[in-house]
Amino acid sequence: MSFSSYFTNKKGGDRIFSVEASKIKFGRGSLKEIGDDATALGMTRVAVFTDPKVAKLEPVSIVVESLKSKGMDTVVYDQVAVEPTDISFKQGSKFASEGKFDGFVSVGGGSVMDTCKASNLYSCYPADFLDYVNAPIGKAVPVPGKLKPHIACPTTFGTASECTGIAIFDLLEMEAKTGIVSPMIRADIGVLDPSVLASLPPLVRAANGFDVFSHACESITARPYTHRPAPESSQKRPLSQGANPYSDITCLEAINLIGRNIVQAVNDPREENYGALMFAGMLAGIGFGNAGCHLPHGMSYAVAGLVKDYQPQGWPADHPMVPHGISVIVNSPAVFRKTGPACPERHWKAADAMGADLTDKKMEDGGEILADQIISMMRDTGIPNGLSGVGYSMSDLDALTDRSFAQKRLIDNGPLPVARNELKKLFHDAMSYW
Ligand SMILES: NC(=O)c1ccc[n+]([C@@H]2O[C@H](COP(=O)([O-])OP(=O)(O)OC[C@H]3O[C@@H](n4cnc5c(N)ncnc54)[C@H](O)[C@@H]3O)[C@@H](O)[C@H]2O)c1
Ligand SMILES: [Fe+2]
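Please read these numbers as outputs of a predicted model, since none were measured by experiment.

Topic: the overall build of the chain
Point 1. Within the chain, the regular secondary structure consists of 15 helices and eight strands.
Point 2. Computed over C-alpha atoms, the radius of gyration of the chain comes to 20 Å, within 12% of the 22 Å expected from 2.2 N^0.38 for 434 residues, which places it in the range of a compact globule.
Point 3. Its C-alpha atoms put the chain at 65 × 50 × 45 Å along the principal axes.
Point 4. Sorting the 434 residues of the chain into buried and exposed places 57% on the buried side.
Point 5. Contacts spanning at least 24 positions in sequence make up 81% of the contacts within the chain whose residues lie at least 6 apart.

Some points on the domain arrangement of the chain
Point 1. Here the chain is partitioned into domain 1 (5–17 + 200–429) and domain 2 (29–192).
Point 2. Taking only C-alpha atoms, the centre of domain 1 and the centre of domain 2 are 25 Å apart.
Point 3. Listed as interface residues are 30 residues of domain 1 and, on the opposing side, 22 residues of domain 2.
Point 4. Looking at the side of domain 1 that touches domain 2, the elements with two or more residues in it are helix H5 (202–221), helix H7 (271–291), helix H8 (295–305) and helix H9 (324–329).
Point 5. No other element matches the eight residues that H7 contributes to the side of domain 1 that touches domain 2.
Point 6. Residue composition of the side of domain 1 that touches domain 2, by class: 19 nonpolar, eight polar and three charged.

A short note on the site of ligand 1
Point 1. Looking at ligand 1, there are 31 residues lining it, with Gly109, Gly110, Ser111, Thr156 and Ser199 nearest.
Point 2. When residues of the shell around ligand 1 are traced back to their parent elements, those giving at least two are helix H4 (110–124), strand E6 (166–171), H5 and H9.
Point 3. For the shell around ligand 1, a count of residues per class yields 13 nonpolar, 14 polar and four charged.
Point 4. Split by domain, the residues of the shell around ligand 1 number at least three in each of domain 1 (5–17 + 200–429) and domain 2 (29–192).

Examining the nonpolar core
Point 1. If you look at the biggest cluster of nonpolar residues, it comprises 119 residues, and the most contacted ones within it are Val46, Val48, Val63, Val105, Ala254 and Ile255.
Point 2. Here this core spans two domains, and each of domain 1 (5–17 + 200–429) and domain 2 (29–192) adds at least three residues to it.
Point 3. Setting aside residues up to four positions removed in sequence, Ala254 forms contacts with Val212, Ala216, Ala280, Leu283, Ala284 and Gly287.
Point 4. Listed in part, the 15 residues of the second largest apolar core include Tyr132, Val133, Leu147 and Ile168.

Re unusual backbone geometry
Point 1. In this model, Ala135 is joined to Pro136 through a cis peptide bond whose omega is 5°.
Point 2. Mapped onto the elements, Pro136 comes out in the loop between H4 and strand E5 (150–154).
Point 3. At Ala160, a position not held by glycine, the phi torsion is positive, near 60°.
Point 4. Although it is not a glycine, Asp360 sits at a positive phi angle of roughly 60°.
Point 5. Following the sequence through the fold, Asp360 ends up in the loop between helix H11 (344–354) and helix H12 (366–380).

Details of H4
Point 1. Taking 1.5 Å per residue, 15 residues should reach 21 Å; H4 reaches 21 Å between its end C-alpha atoms and fits that length.
Point 2. The element H4 is largely enclosed, with a buried count of 14 among its 15 residues.

Section: the sheet that holds strand E3 (residues 73–77)
Point 1. Spatially, the six strands line up as an open sheet ordered E1-E8-E5-E4-E2-E3, and their pairing is parallel. The strands lining the two open edges of the sheet, one partner per strand, are strand E1 (23–26) and E3. Taking each pair of neighbouring strands and ignoring which way they run, the sheet shows an average axis angle of 20°.
Point 2. Alignment of strand E4 (residues 103–108) against E5, held across five bridges, turns out to be parallel. Paired with Ser106 across the two strands is Ala152, which belongs to E5.

What counts and how
Residues numbered from 1 in each chain as written. Chains lettered and ligands numbered in written order. Predicted model: local features only at pLDDT ≥ 70, side-chain atom pairs only at ≥ 80, totals over all residues. Helix = DSSP H or I, 4+ residues; strand = E, 2+ residues; numbered from the N terminus. Rg over C-alpha atoms; globule rule 2.2 N^0.38 Å. Buried ≥ 20, exposed ≤ 12 C-beta atoms within 10 Å, placed from the backbone. Contact = placed C-beta atoms within 7 Å. Domains from an automatic or database assignment. Nonpolar A, V, L, I, M, F, W, Y, C, P; charged D, E, K, R; others polar. Near = placed C-beta within 6 Å. Core = buried A, V, L, I, M, F, W, Y, C linked by C-beta atoms within 7 Å. Expected span 1.5 Å × (residues − 1). Pairing = 2+ DSSP bridges. Axes fitted to C-alpha atoms, helices over the stretch in contact; angles between N-to-C directions.

Shown next, in the form of structure tokens:
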């Protein structure tokens with residue numbers, strides 16, 4: 001079989017890619033079947049993780065009712081912090097340890113699903129908090145074994161946390177986002193019911209849509225898996241393998257679905273948008289779960305971690321934050337302008353899937369065309385104008401660069417090497433777009 005020439009072998013590079021994906025159930029009404037799913041996984045005493053806002057919405061009552069109808073002892077933990085921190089992860093872990101549960105159900109966005117994964121992990125295998133956290137910030141100790149069963153029910157569509165072995169948090173003392181990455185923390189089933197998206201505020205929809213888009217686009221333009229050094233053993237092959245033929249398929253379709261639906265879903269949502277967006281989020285999640293993201297996400301952790309006074313509409317108003325999807329997409333146009341020349345055809349394909357008009361355009365300008373298309377859609381959906389739109393100025397460039405240069409796993413997964421001064425230039429170019 002001959003793949004795209006992008007995957008041409010390189011001396012010392014890997015020759016193998018693996019495909020990991022959670023079991024998924026998708027469709028309206030799927031949340032009503034949670035009781036059966038929990039029974040099949042052997043759960044009898046269940047912790048339902050959610051956040052204070054989602055706790056009051058219909059998806060949580062549907063899930064709790066379904067669990068109780070099957071005789072489950074059910075306890076709701078509604079104290080998950082939106083954009084979680086090491087402190088809120090520790091609080092969730094304490095609840096999980098003390099409750100003697102034999103199963104977990106998370107109902108909420110990425111914040112909730114990630115907190116549930118971490119709480120399940122630390123309650124099963126107690127350790128110093130930084131032990132399982134990514135190096136170099138943490139020790140990246142391998143997760144010792146299987147966790148208790150977890151059913152993840154997203155109520156947003158951006159993070160695809162229901163498909164990934166990733167849990168992200170803000171490490172407060174370092175003012176930086178980082179995470180725990182292991183296939184062991186992946187949920188046993190993701191249950192996706194598109195009707196949950198009806199109550200999402202418009203800017204949260206926009207932020208989710210661009211998070212999906214950037215997952216997909218970063219995966220397609222990532223360093224090919226054949227150029228990543230081959231691992232010493234199969235067990236050491238990373239989850240972030242680089243672009244590969246499997247991720248390409250899921251990610252291009254995700255971009256296509258986002259391109260066709262996101263502007264309308266933010267400004268004039270219709271029922272039919274929800275299924276397409278949620279499916280896109282899941283597809284991109286499976287894609288980036290195997291390929292890995294690169295620079296826009298690597299830069300986003302500094303943008304979120306160093307937040308000053310930005311308070312977006314639609315998120316809790318009790319503290320400033322740059323929500324994940326926004327912290328990512330403000331970097332993406334600057335990044336794709338730079339990475340375009342490394343693999344123009346891939347940027348071109350992504351721009352095409354996103355709906356760009358390619359008439360009279362040249363493939364070698366793929367990066368520029370993609371950047372322009374993203375900027376146009378950011379404007380149409382109320383996303384802030386680059387880093388200046390979320391409160392940063394040129395005097396923050398060094399701090400932003402220092403914080404994100406530590407995200408080696410992500411930066412190395414880009415299609416070209418990026419030195420510190422080049423990363424600083426990317427933040428400079430991301431300051432404002434219009
Ligand atoms: N694990 C992963 O693979 C992964 C990937 C990307 C991002 N993340 C992380 O996920 C987090 C962001 O998650 P998110 O974007 O899904 O949002 P979120 O969980 O932070 O929620 C955003 C806001 O929307 C509200 N909300 C959620 N569902 C709602 C609904 N159906 N109706 C009305 N309001 C609703 C929440 O209460 C909150 O105020 C970040 O911490 C990010 O770093 C994780
Ligand atoms: Fe993301």
